[in-house]
Amino acid sequence: MKKRFIFFVMAIVVLFGVPPCAYDAALEGKVAAWGWNFFGQCNVPGGNDFVAIAGSWYNSLALVCPPYITVTIDIKPGGDPNSINLGDHGLLPVAILGTPEFDVTTINPETIDIGGVFLAERGSQKAPKIAYSLEDVDGDGYIDMMTFFDVQELVSIGTLTGGTTELLLSAALDDDTQIEGSDSVNIVH
Ligand SMILES: [Ca+2]
Ligand SMILES: [Ca+2]
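The structure reproduced in this document is the subject of the present report.

### Things to note about the nonpolar core
Counting residues in hydrophobic clusters, the biggest one holds 26 residues, and the most contacted among them are Ile-73, Leu-92, Val-94, Ile-96, Phe-149, Leu-154 and Leu-169. Breaking this core down by element, the ones donating at least two residues are strand S6 (73-75), strand S8 (91-96), strand S14 (144-150), helix H2 (151-156) and strand S15 (166-172). Tallying contributions element by element places S8 first for this core, with 4 residues. Leave out the neighbours within four places in its chain, and Val-94 touches Ile-73, Ile-75, Thr-147, Phe-149 and Leu-169.

Rendered as structure tokens:
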């Protein structure tokens, strides 16, 4: 059975010259390419960010990152360096800055996270609200989104450690487009 399979694969390579692959731009964010892989990786289309490429002797698979937009964030707006004390029991303010091209009101606040930690909650226990507000933090005329994260939650999950130098914020827009932004941090003790 196995010999027959090898013969089948070799026949395809001989017949087509190159391992046949399938790609459809409509699948952006899902499967980028797959195909027989007898002599190496399947022909993966260029110009994409791949999250995974799995290969075996006979075939391979490539997945494309969902398209995302890079945004500018400012941890502790107005302050630099962005010093964080790991013993701080308060909230860490992070501004997501709006631009003429990027409207922060299109962000779905419930999807905003840093290293797996979502926005803190505030208000009464009966009716907590996730901690964010819309304001022009940097005074450039474009509305920004102020977000707040629980420092101890970031510490307990291991996102903030003594060696952390940068935090990456990610979120989704209302239309599911992914956004990412990072800023440096300075851990103090
Ligand atoms: Ca700052
Ligand atoms: Ca602004």
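Structure shown, so let's carry the discussion forward.
### Focus on the sheet that holds strand S9 (residues 113-114)
Strand order across the open sheet formed by 5 strands is S5-S16-S15-S9-S10, with mixed pairing between neighbours. Pairing within the sheet leaves two strands with one partner each, and these edge strands are strand S5 (68-70) and strand S10 (117-118).

### Considerations on the sheet that holds S14
Here we have 4 strands laid out as an open sheet, ordered S6-S8-S14-S13, and antiparallel in their pairing. Across the chains shown, the open sheet's two edge strands, defined by having one partner strand only, are S6 and strand S13 (132-135). Between one strand axis and the next, the sheet turns by 25° as a mean value, whatever way the strands run. Sheet analysis places S13 next to S14, joined by 4 bridges and oriented antiparallel.

### A few points about the pairing of strand S16 (residues 178-184)
Pairing of S5 with S16, which is carried by 3 bridges, proceeds in the parallel orientation. Counted as the bridge partner of Thr-70 is Glu-180 from S16. Here S15 runs beside S16; their pairing, made up of 7 bridges, is antiparallel. Along S16, the bridge assignment pairs Glu-166 with Ser-184.

### Overview of unusual backbone geometry
Residues Asp-80 and Pro-81 are joined by a peptide bond in cis, for which omega reads 5°. Within the secondary structure, Pro-81 is located in the loop between S6 and strand S7 (83-85). Notably, Lys-76 is not glycine yet its phi reads approximately 50°, a positive angle. Along the polypeptide, Lys-76 turns up in the loop between S6 and S7. The class for Lys-76 is partly exposed, based on 17 C-beta atoms found within 10 Å. Notably, Asp-176 is not glycine yet its phi reads approximately 75°, a positive angle. On the secondary structure map, Asp-176 appears in the loop between S15 and S16. Judged by C-beta crowding, with 10 C-beta atoms within 10 Å, Asp-176 ranks as exposed.

How each quantity is defined
Residues numbered from 1 in each chain as written. Chains lettered and ligands numbered in written order. Predicted model: local features only at pLDDT ≥ 70, side-chain atom pairs only at ≥ 80, totals over all residues. Core = buried A, V, L, I, M, F, W, Y, C linked by C-beta atoms within 7 Å. Buried ≥ 20, exposed ≤ 12 C-beta atoms within 10 Å, placed from the backbone. Helix = DSSP H or I, 4+ residues; strand = E, 2+ residues; numbered from the N terminus. Contact = placed C-beta atoms within 7 Å. Pairing = 2+ DSSP bridges. Axes fitted to C-alpha atoms, helices over the stretch in contact; angles between N-to-C directions.

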